[in-house]
Amino acid sequence: MESFSLILAIVVVTALAFDFTNGFHDTANAMATTISTGALKPKVAVAMSAVLNLVGAFLSVEVANTISKGLVDETGIRPEVIFAALVGAILWNLLTWLVGLPSSSSHALMGGLIGATIASAGTGAVHGDVLVTKVLLPAVAAPIVAGVAAMFATRLSYTLGRKADGKAAEKGYRAGQIASAGLVSLAHGTNDAQKTMGIITLALVAGGVVAPDSDPPTWVILSAGLAIALGTYLGGWRIIRTMGKGLTDLQPQQGFAAQTSAATVILASSHLGFSLSTTHSVSGSVMGAGLGRKGGVVRWSTATRMFVAWGLTLPAAALVGALAEYVTGFGDWGTAAVAVFLVASSAAIWKVSRREVVDHSNVNEVEEPAGVVTTAIAAVTPPPASVPAADGLSATIAAPAPAPVAATPEPAAPPAAV
């Protein structure tokens, strides 16, 4: 019983460690656009996001129930399986954070859980219908829906604000952007903190601590909320840089439209119990907002790397989870070996990240270079300026190039006196 209690404690601690990485990995979802447009100072933004993540953790348990009751068969799960799943999810989160890619922590967790479950109990232990309807379909639909909504919201914002005073309108949009960023943070806590709640509850069911089909205990909700809030406060500055500066150049109107659209999609999915990726939703809305402004472009080179990471998340985390489960099957020494590997790998990734430090002081200093497609689009579709055109839309009028001035020959030096 002591060894069993020990493995259960290890699972709970590892789950909270994953929740912590989820927090700093996904801070960009709520605050990248707010920081990049200057609506909030970086440290203030992440502190606000952390508090609202904690509050959001108490608003619902529907997503937690999807993880703990719906995705895999509870009866065939051992605590070691859940530990192996968390190893795959944590390592994927850290690797993508290192390279600054906003991948899905949710899909990393579910990929690890699926891989470890298949390695332990076979494919029959995974509920394919739940995987398709509540994980895969939302993964495809979320960025599209959020992106289209953000594109139209951006166009509407510019249309309605065409005749408004420039400084007053910008101030209003910045205030709206702060409010919408708070809504995204609240939605992130409601959706993502629940995934850790679901994993811990699944471990407690597997360990016989709580009855099957139980909702997460209060201490699980509180600990998951605190872990994700702490991770959020530390800030995943590398991913904030990519989301705020790497995908597109955002103005306050676009930031407001992007965050409002993303928050609406995330909150709706949380209510329906969909284990939605907040990263997919926010990334889609940022790209939609970039395309919604006249002259706005998306840096497709960055977007392509991001799409590749999205596609690799589930299978990569599943593979690591399956391998970790295979090793834990050798007994206590196998579980210990996996734990040592996780700690050593995490430390190595952290050490590599220190070679080029990205934090609140330099998060907005370096922008992603524009690719060939972006440069071509920008050349034929100039961004709007404050000079009104005849049709009521803003236009950019290039100043005429100055005429070349003929070079005047310098006067010859007078002859030297003899």
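Residues numbered from 1 in each chain as written. Predicted model: local features only at pLDDT ≥ 70, side-chain atom pairs only at ≥ 80, totals over all residues. Heavy atoms only, no water.

A. The arrangement of the side chain of Asn53 in detail. Following the sequence through the fold, Asn53 ends up in helix 2 (residues 42–56). Note on Asn53: relative accessible area 1%, which makes it buried. Of note is the side chain of Asn53, whose polar atom sits 3.3 Å from the backbone nitrogen of Gly189. Look past the residues within four positions of Asn53 in its chain and what remains in contact with it is Ser185, His188, Gly189, Ile228, Ala229 and Thr232. (Helix = DSSP H or I, 4+ residues; strand = E, 2+ residues; numbered from the N terminus. Buried < 20%, exposed > 50% of the residue type's maximum accessible area, 1.4 Å probe, protein only. Polar contact = N/O pair within 3.5 Å; in protein donor to acceptor, adjacent residues only side chain to side chain. Contact = heavy atoms within 4.5 Å.)

B. Structural view of empty space enclosed by the protein. Throughout the structure, instances matching the rule amount to 1 cavity of 30 Å³ or more. If you add up the space inside the largest cavity, you get close to 40 Å³. The wall of the largest cavity is formed by Ala28, Asn29, Thr33, Val184, Ala258, Gln259, Ala262, Val282, Ser285 and Val286. Elements with a minimum of two residues in the lining of the largest cavity: helix 1 (2–36), helix 10 (252–272) and helix 11 (278–292). Across the lining of the largest cavity, the residue classes break down as 6 nonpolar, 4 polar and no charged. (1 Å grid on protein atoms, 1.4 Å probe; cavity = no way out; pocket = protein on both sides within 12 Å on 5 of 7 lines; lining within 4 Å. Points joined across faces, edges and corners; volume = space filled by probe spheres on them. Nonpolar A, V, L, I, M, F, W, Y, C, P; charged D, E, K, R; others polar.)

C. The arrangement of the layout of surface pockets in detail. Of the pockets and cavities examined, the second largest pocket occupies roughly 500 Å³. Looking at the second largest pocket, it is lined by 22 residues, and the ones nearest its centre are Phe20, Phe24, Leu94, Trp97 and Trp350. Put simply, the parts of the chain that give the lining of the second largest pocket at least two residues each are helix 1, helix 4 (79–98) and helix 13 (332–353). Of the residues contributing to the lining of the second largest pocket, the split by class is 16 nonpolar, 4 polar and 2 charged.

D. Spotlight on the nonpolar core. Ile82 and Leu86 are the most contacted members of the largest nonpolar core, which has 83 residues in total. The greatest single-element share of this core, amounting to 13 residues, is contributed by helix 4. Other than its neighbours up to four places away in sequence, Ile82 contacts Val11, Ile77, Ile199, Leu202 and Ala203. (Core = buried A, V, L, I, M, F, W, Y, C linked by side-chain atoms within 4.5 Å.)

E. Structural detail: a nonpolar patch on the surface. On the surface, a nonpolar cluster with roughly 380 Å² of combined accessible area is contributed by Val140, Ile144, Val148 and Phe152. Within the fold, Val140 resides in helix 6 (residues 128–160). (Patch = residues over 30% accessible without salt bridge, like charges linked within 9 Å, V, L, I, M, F, W, Y side chains within 5 Å. Areas by Shrake-Rupley, 256 points an atom, 1.4 Å probe, with all protein chains shown as cover. Salt bridge = Lys/Arg side-chain N within 4 Å of Asp/Glu carboxyl O.)

F. Quick peek at helix 2. Between its first and last C-alpha, helix 2 extends 21 Å over 15 residues, near the 21 Å set by a 1.5 Å rise per residue. For helix 2, the full list of buried residues reads Pro42, Ala45, Val46, Ser49, Ala50, Asn53 and Gly56. Burial along helix 2 is one-sided: seen end-on, the buried residues are contained in an arc of 135°. (Expected span 1.5 Å × (residues − 1). Arc of directions from axis to C-beta.)

The analysis is restricted to geometry; functional conclusions fall outside its scope.
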